[in-house]
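One-letter residues, chain by chain:
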Amino acid sequence: MEQFRNKWAAPVALLAFGLATLAASAVGAADMTGISVGRTTSASGFHIPSYIAMEQGIFKKYGLDAKYRSMSGKALLNAGIAKQIDFVPIPGGGSQAALKGAPITYLVGQSLISQWTVTAHASIKSVKDLKGKIIGLGRPGSADYDEADIVLSRNFGMEPGRDYKVISFRGEAERIAAMINGDIHAGLLTFPHAAKAKLAGFKVILKTGKYLPRIGGSFWVHNDYLKTNRKAAKAFIHAMAEAAEYMKNNKEGSVDVIQKYFAMKDRREAEGVWEEVFDQYGPDMPEALVLSLFESRVKRMISKNLWPKDKPLPDVEKFVARDLLNETLRERGYYLQPKPL
């Protein structure tokens, strides 16, 4: 009888352990909060921390069962306002919507610099060589139009229509294809797509981040979601902060994600992207950069008669969940300067 007990003791213990593990997993799954996260149809360099949070299990670590909703930027904007997506990474369109009365609140940042490049045919040696040429941008009012417009205008005195022609493309992949076909001479591309274009013989002649610090890929939520899901919103901030830290400190894991999301066959291409941007992300949304985001949007709205010229910009901090963001970042050991009295 004793031999029988000894014979089955280990298997029974293993079975008991397995059942306990399954039970714990079931409880863990039950405790997870389902969330929907917006993602643009083309991968974006501004959004790499969110890709890392998804792929490296960081959302799950903070109790979030995250699912992507992939759409164009405009569709994501409309879906977020309609409460069909919980977390939306479209800061430019969101700022205009907020100014027009949409009930949304900015929650957490991603990129802290402009990550666009003007990438051109090898025959174009400098920015001045773009005069009279055709550049592929996004649609007017979107980040992949405005940022080229701002940098070329402010720093090089070049205006669209007068100094160069513009053809609008929805995605960066389409711009690269148009460059290869010879339909355009240059295109506005984020670092990952510029790396792809380099393999096709093109070269970067301008990095907008050199001239334009900005918040990019910042997530906002509908006000109703924030009111009823504050715990999940806080967990999301934690996850995005950890993803930015992961990007900075874990090259191999970050390169894995970059290579996957941007469909890069050559790992060296993904490594090149990481080396360009690994330390350019953070969850914070500096007040000066938030103000700059809204000021640039109002300027665009005035030019289209969507905002009265004499109407002042409201206090844009009312559109930011600053207390929740700062509370969460302090918990993570971030040093946040107190406001001056």
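Each value, and the rule that gives it
- Residues numbered from 1 in each chain as written.
- Predicted model: local features only at pLDDT ≥ 70, side-chain atom pairs only at ≥ 80, totals over all residues.
- Heavy atoms only, no water.
- Phe/Tyr/Trp six-rings, centres within 6.5 Å; stacked < 30°, edge-to-face > 60°.
- Helix = DSSP H or I, 4+ residues; strand = E, 2+ residues; numbered from the N terminus.
- Buried < 20%, exposed > 50% of the residue type's maximum accessible area, 1.4 Å probe, protein only.
- Lys NZ or Arg CZ within 6 Å of the ring centre and 35° of its normal.
- Pairing = 2+ DSSP bridges.
- Axes fitted to C-alpha atoms, helices over the stretch in contact; angles between N-to-C directions.
- Contact = heavy atoms within 4.5 Å.
- Salt bridge = Lys/Arg side-chain N within 4 Å of Asp/Glu carboxyl O.

The next subject is the packing of aromatic side chains. As enumerated under the stated definition, the model contains twelve aromatic pairs in all. Judged by centre distance (6.0 Å) and plane angle (75 degrees), the rings of tyrosine 106 and phenylalanine 294 are edge-to-face. Of this pair, tyrosine 106 sits in strand β3 (residues 104–108) while phenylalanine 294 sits in helix α13 (residues 287–303), and the two are 188 residues apart along the sequence. Exposure class is identical for tyrosine 106 and phenylalanine 294. Each is buried. An angle of 70 degrees between the planes, with centres 5.7 Å apart, marks the rings of phenylalanine 156 and tyrosine 211 as edge-to-face. With phenylalanine 156 in helix α6 (residues 143–156) and tyrosine 211 in the loop between β9 (203–207) and β10 (213–216), this pair connects stretches of sequence that are 55 residues apart. Members of the aromatic cluster, connected to one another through ring pairs, are Phe59, Phe87, Phe219, Tyr225 and Phe236. Seen from the ring of phenylalanine 46, arginine 214 lies directly overhead, with NZ or CZ sitting 5.3 Å from the centre. Above the plane of the ring of tryptophan 307 lies lysine 311, whose end atom (NZ or CZ) is 4.2 Å from the centre.

Before going further, it helps to spend a moment on the sheet that holds β9. Here we have five strands laid out as an open sheet, ordered β7-β6-β8-β5-β9, and mixed in their pairing. Of all the strands in the sheet, just β7 (165–168) and β9 have a single pairing partner and so form its edges. Going across the sheet, the axis of each strand differs from the next one's by a mean of 35 degrees, ignoring polarity. Here strand β5 (residues 116–120) pairs with strand β8 (residues 186–190) via five bridges, running antiparallel. Bridge pairing in β8 links threonine 117 to leucine 189. Each of β5, β8 and β9 is contacted by helix α8 (residues 191–199), which is oriented at about 130 degrees to β8, the strand it contacts most.

Before going further, it helps to examine the side chain of serine 95. In this fold, serine 95 is placed in helix α5 (residues 91–99). The exposure class assigned to serine 95 is buried, which follows from its relative accessible area of 0%. With residues up to four places along the chain from it excluded, the contact list for serine 95 reads Tyr106, Leu293, Phe294 and Arg297.

All told, the structure shown has 22 salt bridges when counted by the stated rule. Among the ionic pairs, glutamate 245 bridges to arginine 332, the shortest N-O distance being 3.1 Å. Here glutamate 245, found in helix α10 (residues 230–249), pairs with arginine 332, found in the segment after α14 (322–331); they are 87 residues apart in sequence, far enough to count as distant. What makes glutamate 245 partly exposed here is its relative accessible area of 28%. A salt bridge links glutamate 271 to arginine 267; the nearest nitrogen and oxygen atoms lie 4.0 Å apart. A residue pair is termed a helical-turn pair when its members lie 3 or 4 positions apart in one helix, as glutamate 271 and arginine 267 do in helix α12 (residues 267–277) at four residues.

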